[in-house]
Amino acid sequence: MAPSQSASPPPELPRDPMVARRQAVMALCADGTLDDLEAVMDALAYEGAVEDLRRPETGLVMVRGRMGGDGNPFNFGEATVTRAAVRLQSGETGFAYQLGRDVKKARLAAILDALVQNPRYGREVERAMDPLRTRLAGERSTRERRTAATRVNFFTMVRGEDQ
Amino acid sequence: MTALAHGFGDPVTDAQQVFHAAMNALARPGRPQPLTSGLEPPRPMTPELAAIALALADHEAPIWLDPALAAASGAADFLRFHTGAAVVADPGRAAFALIADPGMPLPVEQFALGTAEFPDRSTTLVIAVEDLSDTNGWVLRGPGIADRQSLLAAPWPHALADIVRLNSAVFPRGLDVLLAAPGRIVGLPRSTRFVEEI
Amino acid sequence: MYVAVKGGEAAIDNAHRLLAHERRGDPSVPELSVTQVSEQLGLLVDRVMTEGSLYDRALAALALKQARGDLIEAVFLVRAFRTTLPRFGYSQPVDTARMEIRRRISATYKDLPGGQVLGPTFDYTHRLLDFMLEANGEPPQPPAEADAGAAEGDMPRVTDLLDAEGLIEPSSASDCDTVGDLTREPLTFPADRDLRLQALARGDEGFILALGYSTQRGYGRTHPFVSEVRVGEVAVELVPEEIGFAVPLGRLTVTECQMVNQFKGSAATPPQFTRGYGLVFGQSERKAMAMSLVDRSLRARELGEDAVAPAQDEEFVLSHADNLQATGFVEHLKLPHYVDFQAELDLVRRMRAEHEANHPYPLSEAAE
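These numbers were taken from a predicted model, which means no experiment stands behind them.

Participant: Explain the overall build of chain B to me, using residue names and the numbers behind them.
Facilitator: When helices and strands are counted, chain B shows 5 helices and 10 strands. In summary, chain B has a C-alpha radius of gyration of 16 Å against a globular reference of 16 Å for 198 residues, a match within 12%. By its C-alpha atoms, chain B is 50 × 30 × 30 Å across when sized along the principal axes. The proportion of buried residues among the 198 residues of chain B is 54%. Taking as baseline every contact in chain B between residues at least 6 positions apart, the subset at least 24 positions apart corresponds to 70%. Split by element, the accessible area of chain B, about 8,800 Å² in all, is 53% carbon and sulfur. The average position of the 13 basic charges and that of the 21 acidic charges among the side chains of chain B differ by 7 Å.

Participant: Would you mind going over the interface of chain C and chain B in detail, with residue names and values included?
Facilitator: On the side of chain B, 10 residues touch chain C, which itself brings 8 residues to the contact. Of the roughly 700 Å² buried between chain C and chain B on both sides combined, carbon and sulfur atoms contribute 49%. For the interface between chain C and chain B, the tally reads 3 salt bridges. Residue R121 of chain B pairs with E185 of chain C through a salt bridge whose shortest N-O separation is 2.9 Å. The interface formed by chain C and chain B holds 4 residue pairs in polar contact (both at pLDDT 80 or more) in total. Of the residues in the side of chain C that touches chain B, the class split is 2 nonpolar, 1 polar and 5 charged.

Participant: An account of the sheet that holds strand β1 (residues 33-34) of chain B is needed here, citing residue identities and associated values.
Facilitator: Residues and elements named next belong to chain B. Within the open sheet, the 7 strands sit side by side as β1-β9-β8-β5-β4-β2-β3. Their pairing is mixed. Whereas interior strands pair on both sides, the edge strands pair on one side only; in this sheet they are β1 and β3 (87-88). As defined by bridge partners, strand β5 (residues 124-128) adjoins strand β8 (residues 176-181) across 5 bridges and the pair is classed as parallel. Of the residues in β8, the one forming a bridge with I127 is L179. Lying over the sheet, helix α1 (residues 11-27) contacts β1, β8 and β9 (184-188), oriented at roughly 45° with respect to β9.

Participant: Explain the interface of chain C and chain A to me, and be specific about the residues and the numbers.
Facilitator: Between chain C and chain A, the contact holds 80 residues from the first and 58 residues from the second. Counting every contact that joins chain C to chain A gives 8 salt bridges. Ionic pairing is found between R82 of chain C and E78 of chain A, a salt bridge with its closest N-O pair at 2.3 Å. Our count for the chain C to chain A interface comes out at 28 residue pairs in polar contact (both at pLDDT 80 or more). Elements with a contribution of two residues or more to the side of chain C that touches chain A: β1 (54-55), α4 (57-66), β2 (87-90), β3 (100-105), α8 (193-202), β4 (224-238), β5 (247-263) and β6 (272-281) of chain C.

Participant: Before we move on, can you summarise unusual backbone geometry with the specific residues and values?
Facilitator: Negative phi characterises most residues that are not glycine, and trans characterises most peptide bonds. Cis peptide bonds are those with omega within 30 degrees of zero, and the linkage from R43 of chain B to P44 of chain B qualifies with 5°. Among the structural elements, P44 of chain B can be located in the loop between β1 and α2 (47-56). The step from A154 of chain B to P155 of chain B runs through a cis peptide bond, and the omega angle for that step is -10°. Position of P155 of chain B relative to the elements: it lies in the loop between β7 (149-154) and α5 (160-170). Phi is positive for R68 of chain C, which is not a glycine, with a value near 55°. Examined against the element boundaries, R68 of chain C turns out to sit in the loop between α4 and α5 (71-82).

Participant: How would you summarise the environment of L333 of chain C if you had to cite specific residues and measurements?
Facilitator: Residues and elements named next belong to chain C. By the secondary structure assignment, L333 is in the loop between α12 (323-331) and α13 (338-358). L333 gets classed as exposed once you look at its relative accessible area, which sits at 61%. As a C-alpha pair, L333 and A67 span 266 residues in sequence and 21 Å in three-dimensional space.

Participant: Go over helix α10 (residues 285-297) of chain C, please, and point to the residues and values.
Facilitator: All names here are of chain C. Between its first and last C-alpha, α10 extends 19 Å over 13 residues, near the 18 Å set by a 1.5 Å rise per residue. Of all 13 residues in α10, 11 are buried, a share of seventy percent or more. Buried within α10 are the following residues: E285, K287, A288, A290, M291, S292, L293, V294, D295, R296 and S297.

Participant: Give a description of the pattern of salt bridges that names residues and reports values.
Facilitator: All names here are of chain C. Inspection of the entire model under this criterion finds 51 salt bridges over all chains. The shortest N-O distance in the salt bridge between R157 and D95 comes to 3.8 Å. Separated by 62 residues along the polypeptide, R157 in the loop between α6 (131-134) and α7 (158-164) and D95 in the loop between β2 and β3 bring together distant segments of the chain. Owing to a relative accessible area of 33%, D95 belongs among the partly exposed residues under this scheme. R275 is the partner of D163 in a salt bridge, and the nearest nitrogen-oxygen pair spans 4.0 Å. Here R275 lies in strand β6 and D163 lies in helix α7, a separation of 112 residues in the sequence. A single network of salt bridges, built from pairs that share partners, joins E169, R196, R299, R301, E302 and E314.

Calculation rules
Residues numbered from 1 in each chain as written. Chains lettered and ligands numbered in written order. Predicted model: local features only at pLDDT ≥ 70, side-chain atom pairs only at ≥ 80, totals over all residues. Heavy atoms only, no water. Helix = DSSP H or I, 4+ residues; strand = E, 2+ residues; numbered from the N terminus. Rg over C-alpha atoms; globule rule 2.2 N^0.38 Å. Buried < 20%, exposed > 50% of the residue type's maximum accessible area, 1.4 Å probe, protein only. Contact = heavy atoms within 4.5 Å. Areas by Shrake-Rupley, 256 points an atom, 1.4 Å probe, with all protein chains shown as cover. Lys, Arg positive; Asp, Glu negative; His and termini not counted. Charge placed at Lys NZ, Arg CZ, Asp CG, Glu CD. Buried area = accessible area lost by both parts, 1.4 Å probe. Salt bridge = Lys/Arg side-chain N within 4 Å of Asp/Glu carboxyl O. Polar contact = N/O pair within 3.5 Å; in protein donor to acceptor, adjacent residues only side chain to side chain. Nonpolar A, V, L, I, M, F, W, Y, C, P; charged D, E, K, R; others polar. Pairing = 2+ DSSP bridges. Axes fitted to C-alpha atoms, helices over the stretch in contact; angles between N-to-C directions. Expected span 1.5 Å × (residues − 1).

By themselves, these figures tell us nothing about what the structure is for.
This is how it looks when you write it as structure tokens:
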């Protein structure tokens with residue numbers, strides 16, 4: 001086999017607004033739980049047929065870091081990742097790749113990725129994810145506030161020797 | 001990617017069967033091995049080329065396509081989706097080269113030929129042909145062949161003479177070849193020699 | 001000669017049944033759930049993920065339960081499981097500058113931008129056993145909260161402050177290089193820094209800690225300062241071939257340590273600080289710090305230093321850092337060596353006979 005572990009960055013993509021929207025939905029799906037995604041699907045009430053292009057499966061991604069945080073990349077350990085790929089009746093193809101081993105959740109995420117590309121459902125998907133977005137933001141804010149309470153405030157002691 | 005063709009129906013078993021056929025083909029050079037492929041890849045990719053690619057290529061094994069496949073709509077997307085492999089333009093980066101048109105010459109010296117230390121880091125060429133038989137053909141000798149093995153491919157791949165010449169010059173570096181006809185494949189590892197008689 | 005010996009199947013089956021029974025312990029005590037392990041023994045789970053080299057909290061917790069808390073056995077189970085999974089690819093390098101910080105401290109600057117954030121730490125505890133925990137006491141007080149303010153999300157790396165003055169070696173970022181992966185290619189020496197860091201990240205915490213300690217005690221001093229330790233969540237992205245853009249996979253908790261080390265300079269380089277780096281899964285501060293010490297020591301050859309101490313010997317360090325390899329080779333000694341040992345017995349008897357023939361006096365005296 002030819003060596004192929006190139007560390008080159010992905011090719012520069014044209015700024016496609018749909019790519020950014022899909023990435024935002026994918027990020028929410030990755031951070032949410034199965035219950036969250038089921039609630040989103042319930043809210044959408046999508047009843048079209050969904051075809052599995054690839055049965056959901058769990059595998060590994062080798063996670064990379066950078067030496068010194070900003071130097072050359074190195075491999076520092078693997079993570080479990082589950083992926084799925086579906087196609088809607090209307091033709092849109094949806095993908096999911098997310099940490100963990102939840103195959104049901106990955107399949108729902110793939111359906112949502114396909115739906116966000118659909119002209120009729122796209123905006124609805126984003127609206128239906130508002131509760132999840134709000135919950136995650138609230139949790140993050142609580143974590144940040146708790147962390148902030150452990151920030152050290154130094155006091156400078158002035159002694160009177162220079163009088 | 002509007003009409004992506006399906007991959008293996010049963011990914012594990014199907015890939016194992018293809019792997020088994022490819023392994024036997026390379027272990028018994030020139031002797032046709034049965035290979036059933038239920039795939040319907042975008043033309044002109046043949047079902048056998050697709051089956052070998054889906055069984056053997058992955059994200060660490062990039063694929064090079066011959067001009068006929070590179071020009072075909074959907075062929076690269078089909079391979080990217082089902083294998084995760086990159087489709088590369090530089091033959092030297094390819095772990096596998098898929099050749100749908102055996103009548104064209106190939107840039108044989110530009111493929112990865114391996115290194116003296118790692119001769120296995122070379123490109124494996126998978127060439128589609130219309131028919132393969134082991135009666136009345138070129139006589140092959142070499143490891144994996146008890147005495148002699150006869151091979152006839154139709155059409156005879158244009159690049160094969162160049163590949164054989166190259167292999168004898170750079171051994172143990174070199175190129176391994178799989179010929180894929182409907183329902184059968186033949187392996188021609190770099191150690192196989194062609195004897196000048198019919 | 002190789003002699004196959006059969007037998008023991010029933011004994012093995014029964015031993016496994018007994019093991020399952022012992023694992024459960026006293027049945028009148030409620031059974032431990034895997035989620036209890038992952039929630040309440042979180043740092044142990046982090047360590048199994050780091051040394052098992054697989055980020056999956058639930059799997060690591062299950063492995064710990066199955067292994068009765070034996071850390072290396074749990075690592076073994078996790079590593080065995082990962083071999084059953086296909087590899088989808090390599091992530092984009094995680095950006096620790098964009099970490100959602102849960103802890104961040106520096107030993108080099110008191111007043112650094114973003115401040116010293118202690119987070120959930122054992123530091124400053126009195127190390128007095130808390131018998132309230134034994135008594136199933138009250139739930140803990142809710143954590144205090146404070147305004148996160150604008151500083152949150154603005155936590156420059158301390159090394160960047162030194163970099164701005166040119167006092168620290170620049171970190172090289174040449175993305176065209178290939179990245180070594182020791183899960184794909186066996187380690188060969190000399191090993192580049194990417195492979196060394198990978199081996200250290202999954203290496204045994206005790207071993208790496210002892211090596212880091214040895215450098216502090218004088219076996220290859222590196223004059224280290226903790227420029228920064230940060231713990232928190234980083235986003236991971238993958239670019240699958242069939243999608244063609246970066247897919248956010250979710251977040252991982254990681255610990256990063258930047259060590260800065262005094263360096264006298266060489267003919268080619270002026271005196272400056274050099275770097276040691278540690279990056280591990282979960283909150284594993286001790287491991288990240290020890291890793292950064294050993295990473296710096298292993299750069300001896302690159303920096304033109306004499307490699308005289310164990311922590312500077314990459315073949316010694318990297319060949320012995322993996323606790324699964326180590327336990328495999330040590331523990332294999334308990335497997336049957338009956339035939340080998342028979343040969344040894346024969347050899348020792350023969351040597352004694354020869355010895356007796358050559359030195360008859362002391363042995364025959366003892367025999368009489």
